[in-house]
Amino acid sequence: MLKNIVRFYVQGFANMTLGKTLWKIIFIKLLVIFIVLKYFIYGDSIRDIGGAKERSEYVLGNLTKDSNALETQAVPTLESHTLK
């Protein structure tokens, strides 16, 4: 049964004409997006940080940084937005 499923998809991709071009475009777009994300968004790698303890502290600090900011952030009330 698994063999039939694999054969079905292999034959489907082999018989595509326009679909092959579209899949190539999708693959190229994904590749470009991941390259841009890697170099411009995620700049510093965790491998650049010292030993295991420093890495774990860095990760823990980044994971808890946003949650601490949310706890201390004031929540707006609806009173200031009521009609008079």
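Residues numbered from 1 in each chain as written. Predicted model: local features only at pLDDT ≥ 70, side-chain atom pairs only at ≥ 80, totals over all residues. Heavy atoms only, no water.

Caption draft 1: Seen up close, the overall build of the protein. Within the protein, the secondary structure is distributed over three helices and zero strands. The burial tally for the protein puts 1% of its 84 residues in the buried class. In the form shown here, the protein has an accessible surface area of approximately 8400 Å², with 67% of it arising from carbon and sulfur atoms. (Helix = DSSP H or I, 4+ residues; strand = E, 2+ residues; numbered from the N terminus. Buried < 20%, exposed > 50% of the residue type's maximum accessible area, 1.4 Å probe, protein only. Areas by Shrake-Rupley, 256 points an atom, 1.4 Å probe, with all protein chains shown as cover.)

Caption draft 2: Region of interest: the packing of aromatic side chains. Applying the stated rule across the entire model yields two aromatic pairs. Relative to tyrosine 9, the ring of phenylalanine 8 lies with its centre 5.3 Å away and its plane at 80°, an arrangement referred to as edge-to-face. Ring centres 6.3 Å apart and planes at 65° place the aromatic pair phenylalanine 13 and tryptophan 23 in the edge-to-face group. Here the residue phenylalanine 13 occupies a position in helix α1 (residues 2–14), and tryptophan 23 occupies one in helix α2 (residues 18–41), the gap between them amounting to ten residues. (Phe/Tyr/Trp six-rings, centres within 6.5 Å; stacked < 30°, edge-to-face > 60°.)

Taken by themselves, the reported measurements are silent on function.
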